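Here's the letter readout for the chains.
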Amino acid sequence: MFDDTMWAFGRASGIVDLVLLTVAVLGGILTRSGRPLPGIPRFALSLAHRNVSMLAVVFLVLHVATLLLDPYAKLTIADVVVPFAGAEKPFWLGLGTVAFDLLVAVVATALLQRAIGTKAFRAVHWLTYAMWPVAVLHSVFDGTDGTDAWFVVGTVLATAAVLAAVAWRLSHGFLETQSLRGPDRLRAPQRPDAELRRVS
Amino acid sequence: MTVEAMVEPESGAIGVDRLLAAGPDARWAQHATRFGALDAAAAAPTLLAELEASGLGGRGGAGFAAWRKLAATLEAGRRPGARPVVIANGSEGEPLSHKDATLLRHAPHLVIDGLLAAAAAVGASDAYLYAAEPGLEAVRAAAAERADAARIRFVAAPDAFIAGQATAVVNAIENGVALPRDHTRRLSESGLRGRPTLLHNVETLAQLALVARYGAAWFRAVGTADDPGTRLVTIAGDVALPQVLEVAGGTRIAEVLRAAGADTSRLAAVLVGGYHGAWLPADALDAPLSPAGLAPFGAHPGAGVLLALDRTRCGVEATAGIVSYLAAQSARQCGPCRFGLPALAETWNRLAYASHDSGLAARAWELTDTVDGRGACAHPDGTARMVRSAQRVFADDLRLHAHGGCARAAR
Amino acid sequence: MTRLDPRGASPDAPVPAARLHIDWTRCDGRGLCTELLPELLDRDEWGYPIARSLSDRSDVPVPPELEQAALDAVTLCPVIALRLTRR
């Protein structure tokens, strides 16, 4: 009975986490664009992105912890950190481990942004774009419900949303400030005083 | 930035030989004969008091009382473990100014004396001299002539307008990047690598070397009560003999210009203090070249630059050219400067050459207000000051330009 | 240099007013601070924050009732361009 509960909670927390990660990624892209939503100011979107991301970490910890306690999963502490060494479906389980490691790196550097600087934070934050698809593949091919119709439909919808957001991210004019600033209008430095300046 | 064209400072009504008293290209022999050696350690205990009594103002541009920075560095240097630093700033980024280059070439030993005296007074273990070539080489050669200058480290300044901004100097010495940086504390509290840092212009230090030798009363014997001593002035533009002159404090601007061969009756305006300075109308040239004398015009001697503008030139065009140059000299680190100065330059160029649009003047005012006070260094503020003075002094010209005319005299 | 230390000051000494320092070398004009502090900050035409006062525009004085909002702005600035200082 206890084991069944663990298994069920492990599955459910994994699915919830995938939803949270998707929302966090979409929110992150929206935040980076610098645009508010109707009725939701930028700072609220930024806060929501941070909070959803933290919640995703919480659910990921629950997901991993419950499956560690579940004898059917045959998960070891090592599998949590070291990918592709698991007993069952080592490759698909390993992708989960990779996603876990990447998320830890992304969230830790976000929390430490002040200490490590914006450049390092930004560099690591790009890993999100690797973390999300790896997490999706892990849930589809390692998850119990991965091939259920409802899950497949949900995954397709989430993938479409993220792909659309990435396309927007790569498009010209993605940043709100781009339209305000335009290209730099500075030309090569020139001295105005060629005529006036006769000292030298 | 050659100093070949420098006319030897003459004694007389205008020329006062203090800083340049050892003669042109003074080596150690001439320096020692004229001034004698300065015992920095012996002068140290009384230097702060003498400096305060002398009323010496900074000669780098901002013009703060020289003793205040020294006192602040001394105070910060009392923190446990604090190791103060002294920096001589001779990076004359201002293309109109040649007085620092002149000083470094002709009186390098006086600058070294001042640097060492300041270092002794604040207990600094490290002393730096930051300047562009060829001035840097001149001081380096002078330092090689004496035993007490071995610990001075020389750092080359790039030929860029903002390379002399205080935080850019510190950044250049610390990281090799001569760009201004953000700061919330004064350099005297936290400068080079967080150490208490005394940063003075090279002329300020040369003047300090004289105060250390001869005292405050001697210093005040020349100049006026509110502008004691002498200052080096670069006279450029529409004058017969562009040159660097040492003049007594409080000398009238017209007199200084005439000493450089200017026909002051032919001038439309004079830019005082360089590109970050302020335009003075032709009818104000009787004002003394002192902080108090120039205050009513929103101007300041700054680094001692006078740019004369002949009546046959257009002040709007001259200002547009200067704003374009200043915009191009932005380090492009700070958004309001990076985007605001080019927009301001574009507006002034249209005012000067293109449109008969009455909205342009309002746009110029608005952009000036927008950039002012919004950068890590004083570049946007200085630009705003110069532009505001142009708007006052060339108000009639601007009105004529708005209708396609120009106020410049035919001949 | 007289510096007031809020901890070292006597109880009835006024606490020095807080100031919001803008590091312009970092600021990217993302606009979060202007949403949180509309009383103090507007946005210029390029999106950068601009103090409503004409002086101290890089160290904007913050009245006590806005200190919490200013702290939020400091925390939420995505490029860490803001700091709250007292001197």
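Basis of the calculations
- Residues numbered from 1 in each chain as written.
- Chains lettered and ligands numbered in written order.
- Predicted model: local features only at pLDDT ≥ 70, side-chain atom pairs only at ≥ 80, totals over all residues.
- Heavy atoms only, no water.
- Buried < 20%, exposed > 50% of the residue type's maximum accessible area, 1.4 Å probe, protein only.
- Helix = DSSP H or I, 4+ residues; strand = E, 2+ residues; numbered from the N terminus.
- Pairing = 2+ DSSP bridges.
- Contact = heavy atoms within 4.5 Å.
- Buried area = accessible area lost by both parts, 1.4 Å probe.
- Salt bridge = Lys/Arg side-chain N within 4 Å of Asp/Glu carboxyl O.
- Nonpolar A, V, L, I, M, F, W, Y, C, P; charged D, E, K, R; others polar.
- Phe/Tyr/Trp six-rings, centres within 6.5 Å; stacked < 30°, edge-to-face > 60°.
- Axes fitted to C-alpha atoms, helices over the stretch in contact; angles between N-to-C directions.
- Core = buried A, V, L, I, M, F, W, Y, C linked by side-chain atoms within 4.5 Å.
- Patch = residues over 30% accessible without salt bridge, like charges linked within 9 Å, V, L, I, M, F, W, Y side chains within 5 Å.
- Areas by Shrake-Rupley, 256 points an atom, 1.4 Å probe, with all protein chains shown as cover.
- pLDDT = per-residue confidence, 0-100.

Attention now goes to the pairing of strand E7 (residues 267-272) of chain B. Residues and elements named next belong to chain B. When you tally the buried positions in E7, you get five out of six residues, the bulk of the element. Bridge count for E7 against strand E9 (residues 305-310) is five bridges, and the pairing is antiparallel. From the neighbouring strand, valine 270 faces E9, where its bridge partner is alanine 308. Between the antiparallel neighbours E7 and strand E8 (residues 278-281) lie five residues, among them glycine 273 with a positive phi of about 95°.

What follows is about the interface of chain C and chain B. The partner chain B presents 24 residues to the 18 residues of chain C that form the contact. Together chain C and chain B conceal approximately 1800 Å² of surface at their shared face, both sides included; 54% is due to carbon and sulfur atoms. The interface formed by chain C and chain B includes three salt bridges. Note that arginine 374 of chain B and aspartate 44 of chain C form a salt bridge whose closest N and O atoms lie 3.0 Å from each other. If you list the elements that add at least two residues to the side of chain C that touches chain B, you get strand E1 (18-22), strand E3 (49-51) and strand E5 (82-86) of chain C. Considering only residue class, the side of chain C that touches chain B consists of seven nonpolar, four polar and seven charged.

Let us look at the packing of aromatic side chains. Enumeration over the complete set of coordinates arrives at twelve aromatic pairs over all chains. Measuring from ring centre to ring centre gives 5.6 Å for phenylalanine 84 of chain A and phenylalanine 91 of chain A, while their planes differ by 15°; the resulting arrangement is stacked. Residue classification places phenylalanine 84 of chain A among the partly exposed residues on the basis of a relative accessible area of 42%. With a relative accessible area of 44%, phenylalanine 91 of chain A lands in the partly exposed category. Pairing tyrosine 214 of chain B with tryptophan 218 of chain B gives two aromatic rings, centres 4.7 Å apart and planes at 55°, and the pair type is tilted.

Right, let's get into helix H2 (residues 67-76) of chain C. Taken as a whole, H2 of chain C has its buried residues at Glu67, Ala69, Ala70, Ala73, Val74 and Leu76 of chain C. Buried residues belonging to H2 of chain C abut helix H2 (42-69) and helix H5 (113-116) of chain A together with E1, helix H1 (32-36), strand E4 (59-62) and E5 of chain C.

Time to look at the side chain of threonine 368 of chain B. Residue and element names in this part refer to chain B. Inspection of the secondary structure puts threonine 368 in helix H13 (residues 359-371). By relative accessible area, which is 0% here, threonine 368 ends up buried. When neighbours within four sequence positions are excluded, threonine 368 is seen to be in contact with Leu344, Ala384, Val387, Arg388 and Gln391.

This next bit is on the sheet that holds E1 of chain C. Residues and elements named next belong to chain C. The three strands are arranged E4-E1-E5 in an open sheet whose pairing can be described as antiparallel. On the outer flanks of this sheet lie E4 and E5, each paired with one strand and no other. Shown here is a sheet whose adjacent strand axes are inclined to one another by a mean of 30°, direction ignored. Alignment of E1 against E5, held across five bridges, turns out to be antiparallel. The residue of E5 that forms the bridge with isoleucine 22 is leucine 82. In this fold H2 packs onto E1, E4 and E5, with an angle of close to 140° to the strand it touches most, E5.

On to the environment of leucine 241 of chain B, then. All names here are of chain B. Summarising the element assignment, leucine 241 is placed in the loop between strand E5 (230-237) and strand E6 (243-248). We classify leucine 241 as partly exposed; its relative accessible area is 44%. Along the backbone, leucine 241 and arginine 258 are 17 residues apart, and their C-alpha atoms lie at a distance of 9.4 Å.

Core analysis: the biggest nonpolar cluster contains 68 residues, and Trp279 and Trp348 of chain B together with Leu20 and Leu37 of chain C have the highest contact counts within it. Ranked by the residues each element gives to this core, the list is headed by helix H12 (residues 335-353) of chain B, at nine residues.

So, about a nonpolar patch on the surface. All names here are of chain A. On the surface, Phe9, Leu55, Val58 and Leu62 cluster together into a nonpolar patch covering about 310 Å² of accessible area. Element by element, the count of residues in the nonpolar patch is highest for H2, at three residues. Of the residues examined, valine 58 reaches a relative accessible area of 44% and is grouped as partly exposed.

All names here are of chain B. Reading across the sheet, the four strands line up as E3-E2-E1-E4 and stay open at both edges, with parallel pairing between neighbours. Only two strands of the sheet have a single partner each, and these edge strands are strand E3 (152-156) and strand E4 (197-201). This sheet shows a mean twist of 20° between the axes of neighbouring strands, independent of strand direction. As paired elements, strand E1 (residues 85-90) and E4 share five bridges and run parallel to each other. Following the sheet pairing, asparagine 89 is matched in E4 by asparagine 201. Here helix H6 (residues 135-143) sits on the sheet and contacts strand E2 (126-131) and E3; the angle it forms with E3, its principal contact strand, is near 165°.

Our focus in this paragraph is the confidence of the model for chain A. Of all residues in chain A, 90% attain a pLDDT of 70 or more, and the chain-wide mean is 88. Low pLDDT, under 50, characterises residues 185-200 of chain A; the predicted model gives this stretch 47 contacts beyond four residues in sequence or across chains.

When pLDDT is averaged along chain C, the result is 87, and 83% of the positions lie at 70 or above. Confidence drops under a pLDDT of 50 for residues 1-11 of chain C, and excluding neighbours within four residues, the segment shows six contacts in the predicted structure.

Turning to unusual backbone geometry, a few remarks are in order. All names here are of chain B. Each neighbour pair has its own omega, and for glutamate 133 with proline 134 the value is 5°, a cis peptide bond. In this fold, proline 134 is placed in the loop between E2 and H6. We note that arginine 332 has phi near 60°; this positive angle belongs to a residue other than glycine. Position of arginine 332 relative to the elements: it lies in the loop between helix H11 (315-328) and H12.

The next thing to look at is the pattern of salt bridges. Counted by the stated rule, this structure contains 34 salt bridges over all chains. For the salt bridge of arginine 43 of chain C with glutamate 176 of chain A, the shortest nitrogen-to-oxygen distance reads 3.4 Å. Of this pair, arginine 43 of chain C sits in strand E2 (residues 41-43) while glutamate 176 of chain A sits in helix H9 (residues 176-181), on two different chains. Exposure remark for arginine 43 of chain C: the relative accessible area of 22% places this residue in the partly exposed category. According to the relative accessible area criterion, glutamate 176 of chain A is buried, its value standing at 16%. The partner of arginine 213 of chain B in a salt bridge is aspartate 113 of chain B, with the nearest N and O atoms 2.6 Å apart. In this pair, arginine 213 of chain B is assigned in helix H8 (residues 202-220) and aspartate 113 of chain B in helix H5 (residues 108-122), connecting sequence segments 100 residues apart.

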